[in-house]
Amino acid sequence: MAAVDIFKYTTSSPADTTPLSRLENDGYSASDVVAVIGKTEGNGCVNDFSRTLSSHIWEAKIPSSAVTVFSGGTEGVLSPHVSFLVKSKHRTGLVASSGQTRDFAPNEVGTAVQSREVAAVISRMIAEAGIQKDAVHLVLIKCPLLTSTDIEEIRSAGQAPITTDTYDSMALSRYASAIGIALALDEITPEKVSAALGPEQEGVWSSRASCSSGAELKNCHIMVLAADPQEEKGRLRATSGYMKDAMDSGVFLEMLDKIKAEGGKVVQVFVKAEADPSGSIRGLRHTMNTDSDIHSTRHARAAVGGLIAGLVGDSAVYVSGGGEGQGPPGGGSLSIVYSV
């Protein structure tokens with residue numbers, strides 16, 4: 001892992017690479033990039049090619065060791081943007097590392113095979129960095145999904161696909177990735193993996209996982225962000241937790257109070273959002289899961305995006321829909337990077 005700095009710039013389109021010039025004005029070049037993390041203005045669904053375009057554009061401009069993690073969907077007040085994690089010449093208080101799994105065969109997507117491969121890569125990254133697992137504040141993953149072609153390939157091989165719904169495959173892949181993060185960070189034990197992904201779907205989750213699915217890749221892109229063990233109280237710091245539900249402003253306000261007490265300023269927020277699968281929030285019925293016109297993940301992004309943007313006073317925040325295994329059901333993982 002390397003000491004990192006973080007910069008955030010808004011974009012005019014999924015193909016906008018002018019932030020690279022702005023990064024250079026801030027003293028860094030493309031060769032310094034560890035990860036490009038962005039929000040694009042697509043629908044966040046299977047056919048959201050804004051993610052594909054952004055990944056294609058940026059991967060040609062950054063080192064092969066760096067990763068891209070693009071999340072589609074900027075509903076409501078959310079603003080399209082990119083965040084760069086770049087190698088710093090000086091210790092900043094935060095360290096980060098990027099890595100990739102092998103490519104997954106279609107029949108492996110959303111299964112325990114994916115979870116264990118994700119866990120193995122993250123564990124290796126952490127071990128090589130020599131940091132403690134409890135120092136990790138955020139693990140961001142971009143993971144694959146199943147296209148119609150993938151599903152047909154599975155059937156042609158005489159196998160049964162994990163799902164025949166391409167949109168459901170996004171959720172299954174996110175969940176499998178989140179289980180891998182939880183395993184790598186010792187939030188669950190190895191025997192829990194099979195239970196979590198088995199027929200009974202025993203729910204487990206990680207408070208530091210943020211996973212997004214896309215058709216633009218066959219493997220998982222992984223970014224790990226942690227406190228620097230040699231300079232935990234540096235210029236850059238992070239705090240993490242989770243929202244209990246989509247209206248949980250309390251946990252966010254507590255984090256903001258902590259940051260204020262340290263004389264800090266929010267740089268970026270990473271949060272997961274999902275419609276509560278029970279169909280209600282704090283005892284009141286919601287209609288996100290039964291809307292035939294707009295998918296529930298889009299409702300959730302807009303609702304949580306508005307809440308977070310309003311509290312922090314910034315709409316260029318990373319709010320990703322679909323929180324399976326990333327925070328409690330109906331809630332979501334939450335990480336804030338701030339400067340002091």
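The model shown is predicted, which means the values in this text are computed figures rather than measured ones.

A. Inspection of the UniProt feature "site: Important for substrate specificity" (unreviewed entry) in the protein chain at higher detail. As recorded in UniProt, the feature "site: Important for substrate specificity" (unreviewed entry) lies at Thr297. Residue classification places Thr297 among the buried residues on the basis of a relative accessible area of 6%. Ignoring anything within four residues of it in the chain, the contact list for Thr297 reads Tyr167, Gly321 and Gly322. Among the polar contacts made by the side chain of Thr297, one reaches the side chain of Tyr167 at a distance of 2.7 Å.

B. Focus on the side chain of Ser54. By the element assignment, Ser54 lies in helix 2 (residues 49–59). Of the residues examined, Ser54 reaches a relative accessible area of 1% and is grouped as buried. Apart from residues no more than four positions distant in its own chain, Ser54 is found in contact with Pro14, Thr40 and Phe70.

C. Just the pattern of salt bridges, in detail. This structure, assessed with the given rule, holds 16 salt bridges. Between Arg298 and Glu75 there is a salt bridge, and its shortest N-O distance comes to 2.7 Å. Note that Arg298 is positioned in helix 8 (residues 296–312) and Glu75 in the loop between strand 3 (67–72) and strand 4 (81–87), a separation of 223 residues in sequence. Taking the relative accessible area as the measure of exposure, Arg298 reaches 27% and is therefore partly exposed. For Arg91, the salt bridge identified is with Asp228, shortest N-O distance 2.6 Å. Taken together, the residues Arg91 in the loop between strand 4 and strand 5 (94–100) and Asp228 in the loop between strand 8 (221–227) and strand 9 (236–243) connect sequence positions 137 residues apart. Owing to a relative accessible area of 40%, Arg91 belongs among the partly exposed residues under this scheme. Three or more residues are tied together by salt bridges with common partners; here these are Asp48, Arg51, Lys142 and Glu216.

D. Local environment of empty space enclosed by the protein. Taken as a whole, this structure holds 3 cavities of 30 Å³ or more when the rule is applied. Considering only enclosed or pocket space, the largest cavity measures out at about 70 Å³ in volume. Forming the boundary of the largest cavity are 15 residues, of which Gly44, Arg174, Ser212, Arg301 and Gly321 lie nearest the centre. Elements with a minimum of two residues in the lining of the largest cavity: strand 3, helix 5 (166–184), strand 7 (209–214), helix 8 and strand 13 (318–321).

E. Geometry of the packing of helix 7 (residues 249–261) against helix 8. Between helix 7 and helix 8, whose axes approach to 11 Å, the crossing angle comes to 25°. Considered as vectors, helix 7 and helix 8 are oriented roughly parallel to each other. For helix 7 against helix 8, the interelement crossing comes out right-handed. On helix 8, the residues touching Ser249, Phe252, Leu253 and Leu256 of helix 7 are Leu307, Ile308, Leu311 and Val312. A per-class count over the contact of helix 7 with helix 8 returns 7 nonpolar, 1 polar and no charged.

F. Representation of unusual backbone geometry within the structure. You will see that Asp186, though not glycine, has its phi angle at about 65°, which is positive. Along the chain, the position of Asp186 falls in the loop between helix 5 and helix 6 (191–197).

G. Summary view of the sheet that holds strand 9. Spatial ordering of the open sheet is given by 9-14-10-13, a layout of 4 strands whose pairing is mixed. Bordering the open sheet on either side are strand 9 and strand 13, each of which pairs with just one other strand. When strand polarity is set aside, the average angle formed by the axes of neighbouring strands in this sheet is 10°. In the sheet, strand 10 (residues 265–273) pairs with strand 13 via 4 bridges, with the strands oriented parallel. Residue Val271 lies in a different strand from strand 13, and its bridge partner there is Val319. Across the sheet, helix 8 is in contact with strand 9, strand 10 and strand 13; its angle to strand 10 comes to roughly 160°.

Cut-offs applied
- Residues numbered from 1 in each chain as written.
- Predicted model: local features only at pLDDT ≥ 70, side-chain atom pairs only at ≥ 80, totals over all residues.
- Heavy atoms only, no water.
- UniProt positions renumbered as here; feature names shortened; annotations may be inferred.
- Buried < 20%, exposed > 50% of the residue type's maximum accessible area, 1.4 Å probe, protein only.
- Contact = heavy atoms within 4.5 Å.
- Polar contact = N/O pair within 3.5 Å; in protein donor to acceptor, adjacent residues only side chain to side chain.
- Helix = DSSP H or I, 4+ residues; strand = E, 2+ residues; numbered from the N terminus.
- Salt bridge = Lys/Arg side-chain N within 4 Å of Asp/Glu carboxyl O.
- 1 Å grid on protein atoms, 1.4 Å probe; cavity = no way out; pocket = protein on both sides within 12 Å on 5 of 7 lines; lining within 4 Å.
- Points joined across faces, edges and corners; volume = space filled by probe spheres on them.
- Axes fitted to C-alpha atoms, helices over the stretch in contact; angles between N-to-C directions.
- Parallel < 35°, antiparallel > 145°, perpendicular 65-115°, else oblique.
- Left-handed = near helix turned anticlockwise from the far one by under 90°.
- Nonpolar A, V, L, I, M, F, W, Y, C, P; charged D, E, K, R; others polar.
- Pairing = 2+ DSSP bridges.

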